[in-house]
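Next come the chains, spelled out residue by residue.
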Amino acid sequence: MSDEEAPGNAMISLDLSWLRGQAQDWFEQIVGWAQSPVFYAQLGLIVGALLVAWAAAGVARRFLPETREQPQAVGFATLRRLLGRLRHILFPIFAVLLLGVSVQLSEELFGEGVIVRLAQGLSVVALIYTATRIFFDSAAVRAFAKWVVVPIALLNVFGALGTVTEYLESIRINAGNISFSLYAILRALIFGAVLFWFGRISNDTGKQYIRSQEALEVGTREVFAKLFEIGIFVVIFLLLLQVMGINLTTLAVFGGALGVGLGFGLQAIASNFISGIIILLDRSLTVGDYIELEDGRTGTIRALNMRSTVLKTFDGKDIVVPNETFITASFTNWTQTDPKQRYAIEFQVAYSTDMDRLLPLLKTLVASHPQVIAGPDYSEEEQPDAEISGFGDSGVDILIEYWMEGIDDGRNRVDADLKLMIWQTLKAEKFEFPFPQREVRILNPEP
């Protein structure tokens, strides 16, 4: 190894001399404390604070509900479950508070409170670990608290956090003209993870609250939900830039480059994004609408995203349609303003059929279906109707028209039910379905 490489290796190698010296200082202080009455007095304060905290936690648990219910989307069930979980961290909370009081008493009575302050720091670490385990079901959050938050808290308790921070700051990573310290990278990773986790939780909670406001229309709720989502992540991005030490004024150059990129490579994405905003603002589409595209594909809107709209078909498939399609192409919204739809059934009967008996029978039959609109509560135009629509080569064409709420597909297979009922009724009433008939004449027959 050359002499020039030695400084670089020394920079990246972990120097533990400060830790040895710190440990020796701690050992000497502990030995000195163990031989003084103040040490035992502080231990007494610690034990007393813990006993009082244990008793206070036992009393407070009587006023908190004990429940294992799963929380509902919103409401008092969630608050009840949180209060039930709070029972398990009452002791660490009271311990931190009472040890804080013990620190003040120790400093006033004995002139020092190092041991009590150390016990308070450890109780804070225990509170963080217990609260994470109790309140968070996510394995990722628990692992983050266990391997990141708790070690940082322990370093702070033992007074080594500043030394570790200075050492990490001294390790530099160079990438061309840009230089980053290891501390800056770790800080950006830690705060970035926390910010994006908090942003996701805030986004889900905020969107859930906005969509639960029934006083607003569905389209308006979706607009506010999407704008809230965009605002959350913009704020998180700006905060992360501040954590990384990047000056926001330098974003002017980045904004110019981004504009050029949008004009060329990201044109389709920007178009779909703006189209999504337009769709949400003009309320031409809402979740639950039944849509028929220009190419014949149909489905119910399951989700309105900023880039695309998801249609769910009755056979279980999801059709992802770019938002630009609803701006530049025509489509049919079956259920935007009125969920009632009119359908028709056509078939033929023989020319010998008694129409005066058949047509009223068909009207009564169709009206008997529970999903068909019929009765005095509806207008004459919405009542089931049966009529002669034409005269075919083999029989009389019959047209049946009826109204129903919803789309005749999926779980609303009214058309199939009615056809089966018509077939069974005509068969029972001896009505005939004609077969194709052709009359063949032979001209100039040979002998």
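The following paragraphs examine the structure supplied in this document. All values derive from a computational prediction rather than experimental measurement. (Residues numbered from 1 in each chain as written. Predicted model: local features only at pLDDT ≥ 70, side-chain atom pairs only at ≥ 80, totals over all residues. Heavy atoms only, no water.)

### Side note on the overall build of the protein
Along the backbone of the protein there are 15 helices and ten strands. The buried share among the 447 residues of the protein stands at 31%. Considering only contacts in the protein between residues 6 or more positions apart, those separated by 24 or more positions represent 60%. Carbon and sulfur atoms form 62% of the exposed surface of the protein, whose accessible area is close to 28,500 Å². (Helix = DSSP H or I, 4+ residues; strand = E, 2+ residues; numbered from the N terminus. Buried < 20%, exposed > 50% of the residue type's maximum accessible area, 1.4 Å probe, protein only. Contact = heavy atoms within 4.5 Å. Areas by Shrake-Rupley, 256 points an atom, 1.4 Å probe, with all protein chains shown as cover.)

### Remarks on the packing of aromatic side chains
For any pair of aromatic rings, geometry is given as the distance between the ring centres together with the angle between the planes. In this structure the tally under the stated criterion is six aromatic pairs. Taken together, a centroid distance of 5.9 Å and an interplanar angle of 90° make the contact between Tyr 290 and Trp 334 edge-to-face. Of the two residues, Tyr 290 is situated in strand β3 (residues 290-292) and Trp 334 in the loop between β7 (332-333) and β8 (340-349); the sequence distance between them amounts to 44 residues. Residue Tyr 290 is classed as buried on the basis of its relative accessible area, which comes to 7%. The partly exposed category is assigned to Trp 334, whose relative accessible area is 27%. (Phe/Tyr/Trp six-rings, centres within 6.5 Å; stacked < 30°, edge-to-face > 60°.)

### A word on the sheet that holds β8
The three strands lie next to each other as β8-β10-β9, forming an open sheet whose pairing is antiparallel. Looking at strand neighbours, the two that pair on one side only are β8 and β9 (385-391), the edges of this open sheet. Taken over all neighbouring pairs, the strand axes of this sheet differ in orientation by 25° on average, direction set aside. Bridge analysis of β8 against strand β10 (residues 396-405) gives ten bridges, and the strand direction is antiparallel. (Pairing = 2+ DSSP bridges. Axes fitted to C-alpha atoms, helices over the stretch in contact; angles between N-to-C directions.)

### Description of the pairing of strand β5 (residues 308-312)
In terms of residue burial, β5 counts as a mostly covered element, since four of its five residues are buried. In this sheet, β5 lies alongside strand β4 (residues 298-304) in antiparallel orientation, the contact comprising four bridges. Among the inter-strand pairings, Thr 300 is bridged to a residue of β5, identified as Lys 312. Of the strand pairs in this sheet, β5 and strand β6 (residues 318-322) are connected by five bridges, and their pairing is antiparallel. Directly across from Val 310, in β6, lies its bridge partner Val 320. Linking β5 back to β6 in an antiparallel pair, the connection comprises five residues, with Gly 316 at a positive phi of about 90°.

### Some points on helix α15 (residues 414-428)
Counted at 1.5 Å a residue, the expected span for α15 with its 15 residues is 21 Å, and the 21 Å between its end C-alpha atoms agrees. Looking only at α15, the buried set comprises Val 414, Leu 418, Ile 422, Thr 425 and Leu 426. All buried residues of α15 lie within an arc of 95° about the axis, which places them on one face of the element. Of the exposed residues in α15, those oriented more than 90 degrees away from the buried face are Lys 427 and Ala 428. (Expected span 1.5 Å × (residues − 1). Arc of directions from axis to C-beta.)

### Regarding the sheet that holds β7
Working definition: the strands of a sheet are paired by backbone hydrogen bonds and lie parallel or antiparallel to each other. In spatial order, the strands read β6-β5-β4-β3-β7; together these five strands make up an open sheet with antiparallel pairing. Each of the sheet's edge strands pairs with one partner strand only, and the pair in question is β6 and β7. Judged from the three bridges that link them, β3 and β4 form a sheet pairing that is antiparallel. Residue pairing for β4: Tyr 290 is matched across the bridge by Thr 300.

### Examining the side chain of Thr 335
Note on placement: Thr 335 falls in the loop between β7 and β8. A polar contact of 2.9 Å, which involves the side chain of Thr 335, links it to the backbone nitrogen of Tyr 290. In this structure, Thr 335 is in contact with Gly 288, Asp 289, Tyr 290, Gln 341 and Ile 407, ignoring residues within four places of it in sequence. (Polar contact = N/O pair within 3.5 Å; in protein donor to acceptor, adjacent residues only side chain to side chain.)

### Considering the pattern of salt bridges
Counting across every chain of the model gives nine salt bridges. We note a salt bridge from Lys 419 to Asp 415, for which the minimum N-O separation is 3.2 Å. In this pair, Lys 419 and Asp 415 both sit in helix α15, four residues apart, roughly one turn of the helix. Each of the salt bridges in this network shares a partner with another, and the network as a whole consists of Arg 302, Lys 312 and Asp 318. (Salt bridge = Lys/Arg side-chain N within 4 Å of Asp/Glu carboxyl O.)

### Regarding the nonpolar core
Counting residues in hydrophobic clusters, the biggest one holds 24 residues, and the most contacted among them are Phe 347, Leu 362, Ile 398, Ile 400 and Tyr 402. Listing elements by their share of this core, those giving two or more residues are β8, α14 (355-367), β10 and α15. No other element matches α14, which puts six residues into this core. When near neighbours in sequence (up to four residues on either side) are disregarded, Leu 362 contacts Phe 347, Ala 386, Ile 398, Ile 400, Ile 422 and Leu 426. Membership of the second largest hydrophobic core comes to twelve residues, among which are Ile 279, Leu 304, Leu 311 and Ile 319. (Core = buried A, V, L, I, M, F, W, Y, C linked by side-chain atoms within 4.5 Å.)

### Re helix α5 (residues 90-110)
Owing to its 3.6 residues per turn, the α-helix brings residues three or four apart onto one side. Between its first and last C-alpha, α5 extends 29 Å over 21 residues, near the 30 Å set by a 1.5 Å rise per residue. Those residues of α5 that sit buried are Leu 90, Pro 92, Ala 95, Val 96, Leu 99, Gly 100, Ser 102, Val 103 and Ser 106.

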